[in-house]
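Listed below are the residues making up each chain.
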Amino acid sequence: MVNPLRATLALAARDIRAELRSRTALTSALVFAALVLVVFNFARDPTRLGAADLAPSALWITFAFGAMTTLNRGFAIEKEHGALDLLRLAPMPREAIYGGKLLANLAFVFVVEAVALPLFVLFFNRPVWHILAPVLLVTALATIGFVAVGTLLSAMAVRTRFAELMLPLLLLPFMLPPVIGGVQVTARLFADRPLSEVSGWLRLLAVYDVVFVTVSVLIFPAVADE
Amino acid sequence: MRPSDGSLLTATDIERAFGARRALAGVSLVMQPGEAILLAGPNGAGKTTLLRCLAGLARPTRGTVNVNGRALRVGDAASRRHIGMVAHQTWLHDDLTLLENFSFAARLYDLPEPKRVATAALERAGLEARAGDLPPSLSRGMQQRAAIARALLHRPDILLLDEPFSGLDAAACARLRATIADIIAGGGGAIIVSHRPEEVWEVATRVVVLRAGRVALDTPKLGSAATVMGELPELTIG
């Protein structure tokens, strides 16, 4: 049997290479993220709602919806030429397919977030350099959680006729806990509250990640099977 | 390790249902080393579904598949290494060059020096000049040649081929027949779905006809393709 880790890395590398060539998911996600930030910035009445009040929600809505745009693509490309069968026929455990897709999706979403964060700083005039490390930590923790679930659900949704509509419907309920956690932590960080005040949320996000990555790995073989 | 009867592939009482409709209704088939089975039958007879069950891509509703004596299960990745498959779709990624597609497939099978293996496979398929091209820029026939070469990359001993001659020119058809002949001469086996028996006849050793999800005929190859096609219109109806 093929080494599962090697197969996982090969699949993730292939997806990243293909996406760098086509730029289909990344371009649409980046444009979408920038658009959301622009809309939030200009739709706000600054005399009634301060940037500081809106900033954490705007940031996480941007992250969440930008991620959803990229997640839709993960298994859709496999469906195009039946390429999922190539993966399923290969002598590797099904879990390696999930692992490869998860790694590639994480890479795409982190790129979207890496571009969206400076745009957010620009539009909302919220410098984050002094709190960059905890912001990156909470972003990573929340992102791993919803991308783990999103990768599993996109494998389910791709079997339906309306995959692009199904994924948001399925994923949004699971996205709420990490997004709420992200908003809570970010709001406190922006208010220069001490790290100890957000440690509970960070632990909760870490537990969410462990639980949902594990559950997704366990469920995926049944999802991938025909 | 081979089972006591020495079979490469054994399907026992395979049933596959899609809702209330049974695509396969108790198909049993044993393939011995050195056999090339022409699998024929009208549209909807269950040929593609049977190939997918034999490859482990579809789980039978009932029945078992054994590869070299080992039950083919979802969790048993090692058994799948023996199988090479060409399906209706090419399984080639549109955004990767042929060389990248082949290198990736080589990595999935943990082959040493994947790029060298991929280059050699492209040369064997006569596609080395197109190694840097994306699949959509290739003709249908070239895509099919690539799909066949990719299926053979890990040197499987069991070939499951669904309409493999589709889109191929005469030279490529001859090359594929020679490849199948080499594999069965080396103790491997092949199941070839085709609506044009004359394409497969030269290498086939046995004919199996499916009708409505059941084996309607299972016989050693006798006579010529033309004679059998006259006697068995199921072979060409499609």
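Quick caveat, the model's predicted, so the values are computed rather than measured.

**Q** Just checking my understanding: could you explain the overall build of chain B for this structure?
**A** Tallying secondary structure elements over chain B gives 8 helices and 10 strands in all. Radius of gyration (C-alpha) of chain B: 17 Å, near the 18 Å computed for a compact globule of 238 residues. Expressed as a percentage of the 238 residues in chain B, the buried residues total 49%. Restricting the contact set of chain B to residue pairs at least 6 apart, pairs at least 24 apart contribute 68%.

**Q** Looking at this structure, how should I read the sheet that holds strand β5 (residues 70-71) of chain B?
**A** By definition, the strands of a sheet pair up through backbone hydrogen bonds, in either a parallel or an antiparallel sense. Residues and elements named next belong to chain B. Spatially, 4 strands are ordered β2-β1-β4-β5 in an open sheet, and the strand pairing comes out antiparallel. In this open sheet, the two strands that pair with only one neighbour each are β2 (21-31) and β5. Where strand β1 (residues 9-18) lies against β2, 8 bridges are found, and the strand directions are antiparallel. Bridge pairing links Ile-14 to Val-27 in β2. Its contacts with the sheet place helix α1 (residues 47-55) against β1, β2 and β4 (62-67), and it is angled at close to 120° to β1.

**Q** Teacher, can you tell me more about the nonpolar core here?
**A** Side chains of nonpolar character tend, in soluble globular proteins, to be buried together. The biggest cluster of nonpolar side chains holds 144 residues, and the ones touching the most others in it are Ile37(B), Leu54(B), Leu160(B), Ala190(B) and Ile192(B). Broken down by element, the residue count for this core peaks at 12 residues, all from helix α7 (residues 132-157) of chain A.

**Q** When you look at unusual backbone geometry in this model, what are you seeing that I'm missing?
**A** Trans peptide bonds make up the majority, and among non-glycine residues the majority have a negative phi. The phi torsion at Asn125(A) lies on the positive side, around 50°, for a residue other than glycine. If you trace the backbone, Asn125(A) turns up in the loop between α6 (94-124) and α7.

**Q** How do you make sense of the sheet that holds strand β7 (residues 158-162) of chain B when you look at a structure like this?
**A** Residues and elements named next belong to chain B. Here 6 strands make up an open sheet; going across it, the order is β6-β7-β8-β3-β9-β10 and the pairing mixed. Bordering the open sheet on either side are β6 (83-86) and β10 (214-220), each of which pairs with just one other strand. This sheet shows a mean twist of 15° between the axes of neighbouring strands, independent of strand direction. Contacts from helix α6 (residues 170-185) reach β3 (36-40), β7 and β8 (189-193), with the element oriented near 145° to β8.

**Q** Explain helix α4 (residues 73-80) of chain A here, please?
**A** An α-helical turn contains 3.6 residues, so any two residues separated by three or four positions project in the same direction. All names here are of chain A. All of the buried residues in α4 are Arg-73, Gly-74, Phe-75, Ile-77 and Glu-78. Those residues of α4 hidden inside the fold are in contact with α1 (4-22), α2 (24-43), α3 (51-71), α5 (83-89), α6 and α7. Note on α4: the residue one or two positions beyond its end, Gly-82, has a positive phi of about 65°.

**Q** Looking at this structure, I do not really get the interface of chain A and chain B. What am I missing?
**A** The accessible area lost on association of the parts is a frequent measure of interface size. Between chain A and chain B, the contact holds 27 residues from the first and 27 residues from the second. Per-element accounting of the side of chain A that touches chain B gives the leading share, 8 residues, to α1(A). The class makeup of the residues in the side of chain A that touches chain B is 13 nonpolar, 4 polar and 10 charged.

**Q** Looking at this model, I keep getting lost on the environment of Ser139(B). Mind explaining?
**A** Residues and elements named next belong to chain B. Structurally, the position occupied by Ser-139 is in the loop between α4 (114-124) and α5 (140-152). We classify Ser-139 as exposed; it has 11 C-beta atoms within 10 Å. Spatially, the C-alpha atom of Ser-139 lies 29 Å from that of His-82, the residues being 57 residues apart in sequence.

Definitions and cut-offs
Residues numbered from 1 in each chain as written. Chains lettered and ligands numbered in written order. Predicted model: local features only at pLDDT ≥ 70, side-chain atom pairs only at ≥ 80, totals over all residues. Helix = DSSP H or I, 4+ residues; strand = E, 2+ residues; numbered from the N terminus. Rg over C-alpha atoms; globule rule 2.2 N^0.38 Å. Buried ≥ 20, exposed ≤ 12 C-beta atoms within 10 Å, placed from the backbone. Contact = placed C-beta atoms within 7 Å. Pairing = 2+ DSSP bridges. Axes fitted to C-alpha atoms, helices over the stretch in contact; angles between N-to-C directions. Core = buried A, V, L, I, M, F, W, Y, C linked by C-beta atoms within 7 Å. Nonpolar A, V, L, I, M, F, W, Y, C, P; charged D, E, K, R; others polar.

Function cannot be inferred from these measures alone, as they are strictly geometric.
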